[in-house]
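# An overview of the molecular structure
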Amino acid sequence: MTHAEDLRTTGPSRRTVLGTAGLAGLGAAALAGCGSGQDAAGVAGSASDAVAGAVKDAISKTSIPVGGGKVFADAKVVVTQPTSGDFKAFSAVCTHQACVVSDVAGGTINCACHGSKYDITTGAVKNGPATAPLPEKKVSVSGDGIKVT
Ligand code: FES
């Protein structure tokens, strides 16, 4: 009887020890997981800030041709200058099947995927198969730079 009691006593306490060790291990793993998650989020945030900064820096008034424009594929933005000093910006995601538009030429924003063309002043469809205009974005001009939000 004494021996059995000993087994019963030691049995649960061993499980408790193991259980505690297991929980501690999980806790450490969970903490490590949280840490990695935060790091990843931080990196993602920095990367997106860097992209926004790069686009902001890259858009100088002189880089946008009058009567034309420029596609910033990474930021999915197209900036145009229909007439001198008048800047417009649109989403560069084609409203047909979501390709990023390829270029601005011949007075239109052009999607190479299926040939849609959009007006550089309004974003309206000039040539299908797209049927919806490119959504316009807000442009602020300051000094030599152009910021799109
Ligand atoms: Fe642009 Fe089809 S995705 S024309």
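Residues numbered from 1 in each chain as written. Predicted model: local features only at pLDDT ≥ 70, side-chain atom pairs only at ≥ 80, totals over all residues. Heavy atoms only, no water.

## Observations concerning the confidence of the model for the chain
Residues of the chain with pLDDT of at least 70 account for 61%, and the chain-wide mean is 75. Note on residues 16-54: pLDDT is under 50 here. Beyond four places in sequence and across chains, it has zero contacts. (pLDDT = per-residue confidence, 0-100. Contact = heavy atoms within 4.5 Å.)

## Things to note about the environment of Val78
As for its position among the elements, Val78 is in strand E2 (residues 77-83). Between the C-alpha atoms of Val78 and Glu136, which are 58 residues apart in sequence, the distance is 9.5 Å. Once residues lying within four places of it in the same chain are set aside, the contact partners of Val78 are Lys70, Val71, Lys88, Ala89, Phe90, Ser91, Ala92, Val104, Ile109 and Leu134. (Helix = DSSP H or I, 4+ residues; strand = E, 2+ residues; numbered from the N terminus.)

## Comments concerning the pattern of salt bridges
On inspection of all chains with the given rule, the structure shows two salt bridges. When the shortest N-O distance is used, the salt bridge between Glu136 and Lys88 registers 3.9 Å. Within this pair, whereas Glu136 is found in strand E8 (residues 136-137), its partner Lys88 is found in strand E3 (residues 86-91), the two being separated by 48 residues in sequence. Here Asp119 and Lys126 are joined by a salt bridge, their closest N and O atoms 3.6 Å apart. The exposed category is assigned to Lys126, whose relative accessible area is 53%. (Salt bridge = Lys/Arg side-chain N within 4 Å of Asp/Glu carboxyl O. Buried < 20%, exposed > 50% of the residue type's maximum accessible area, 1.4 Å probe, protein only.)

## Concerning the side chain of Thr108
Residue placement: Thr108 occurs in strand E5 (residues 108-110). A polar side-chain atom of Thr108 sits 2.6 Å from a polar atom in the side chain of Asn110. Excluding anything up to four places from it in sequence, Thr108 contacts Asp103, Lys117, Tyr118, Ile120 and Lys126. (Polar contact = N/O pair within 3.5 Å; in protein donor to acceptor, adjacent residues only side chain to side chain.)

## Overview of the sheet that holds strand E4 (residues 103-105)
Reading across the sheet, the four strands line up as E4-E5-E6-E7 and stay open at both edges, with antiparallel pairing between neighbours. Two strands lie at the open edges of the sheet, namely E4 and strand E7 (125-127), each paired on one side alone. Direction aside, the axes of adjacent strands within the sheet are offset by 35 degrees on average. Bridging between strand E6 (residues 117-119) and E7 involves two bridges; their strand directions are antiparallel. If you follow Tyr118 over to E7, its bridge partner there is Val125. (Pairing = 2+ DSSP bridges. Axes fitted to C-alpha atoms, helices over the stretch in contact; angles between N-to-C directions.)

## Considering the nonpolar core
Formed by 13 residues in total, the largest nonpolar core has its most connected members in Val78, Val101, Ile109, Tyr118 and Leu134. Residues within four places of Val101 in sequence aside, it is in contact with Val71, Ala92, Cys94, Ile109, Asn110, Cys111 and Tyr118. Membership of the second largest hydrophobic core comes to eight residues, among which are Ile59, Phe72, Ala89 and Ile146. (Core = buried A, V, L, I, M, F, W, Y, C linked by side-chain atoms within 4.5 Å.)

## Quick word on unusual backbone geometry
Residue Pro129 is bonded to the preceding Gly128 through a cis peptide linkage, with omega at 15 degrees. Turning to its location among the elements, Pro129 is positioned in the loop between E7 and E8. In this structure, Lys76 takes a positive phi of about 55 degrees despite not being glycine. Its place among the elements puts Lys76 in the loop between strand E1 (68-72) and E2.

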